[in-house]
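# Working through the structure, step by step
Now for the letters of each chain:
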Amino acid sequence: MFVEDGVRVSEFELQPGGVVPKHHHKGPHLLVAVSDLDIRSDVEGQGPMPGHFKSGDSKWLPGGYSHTITNTGHHPAKFVTVEFP
């Protein structure tokens, strides 16, 4: 969506079974669910972590890891991330 000094906002829409390829989060970030989400984060060196969010939920996440995200639900997963690289 946009990148400014010290912040990057990205919008995602994953179809059922869709995957965000492996990427690295250097710093902390905020995930905001735009739709209900059933996702799985496969964190390098830690294994799969399921996530279930209702539309409007948010979660503060630490940085310093690489992972993929998979939509394990039956509907498109829409969410926004706000990163502080």
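Before any of the text, the structure's been laid out above.
Note that this is a predicted model, so its numbers are computed, not measured. (Residues numbered from 1 in each chain as written. Predicted model: local features only at pLDDT ≥ 70, side-chain atom pairs only at ≥ 80, totals over all residues. Heavy atoms only, no water.)

Secondary structure assignment for the protein yields 0 helices and 9 strands. Each helix (α) and strand (β) of the protein, taken in turn from the N terminus, gives the series β-β-β-β-β-β-β-β-β. For a compact globule of 85 residues, the expected C-alpha radius of gyration is about 12 Å, and the protein comes in at 12 Å, within 12% of that figure. Projected onto its principal axes, the C-alpha positions of the protein cover 35 × 30 × 20 Å. For the protein, the proportion of contacts with a sequence separation of at least 24, taken over those separated by at least 6, is 75%. Entry remark: accessible area of the protein is about 5,200 Å², with carbon and sulfur atoms responsible for 56%. (Helix = DSSP H or I, 4+ residues; strand = E, 2+ residues; numbered from the N terminus. Rg over C-alpha atoms; globule rule 2.2 N^0.38 Å. Contact = heavy atoms within 4.5 Å. Areas by Shrake-Rupley, 256 points an atom, 1.4 Å probe, with all protein chains shown as cover.)

Across a sheet, strands are paired by hydrogen bonds formed along the backbone, either parallel or antiparallel in direction. On the basis of which strands lie adjacent, the open sheet formed by 4 strands has the order β3-β8-β5-β6 and antiparallel pairing. Among the strands making up the open sheet, the edge pair consists of β3 (19-25) and β6 (47-53). Neighbour-to-neighbour, the strand axes of the sheet open up by a mean angle of 25 degrees, direction not taken into account. Both strand β5 (residues 37-43) and strand β8 (residues 65-71) contribute to a ladder of 5 bridges, which runs antiparallel. The residue of β8 that forms the bridge with D42 is T68. (Pairing = 2+ DSSP bridges. Axes fitted to C-alpha atoms, helices over the stretch in contact; angles between N-to-C directions.)

A word on the pattern of salt bridges. Under the definition given, this model contains 3 salt bridges. In this structure, the salt-bridge partner of R8 is E83, at a minimum N-O distance of 3.5 Å. Of this pair, R8 sits in strand β2 (residues 7-14) while E83 is found in strand β9 (residues 77-83), placing the two residues 75 residues apart along the sequence. Two residues, R40 and D42, come together in a salt bridge whose shortest N-O distance is 2.9 Å. Accessibility expressed as a relative area gives 30% for R40, which makes it partly exposed. (Salt bridge = Lys/Arg side-chain N within 4 Å of Asp/Glu carboxyl O. Buried < 20%, exposed > 50% of the residue type's maximum accessible area, 1.4 Å probe, protein only.)

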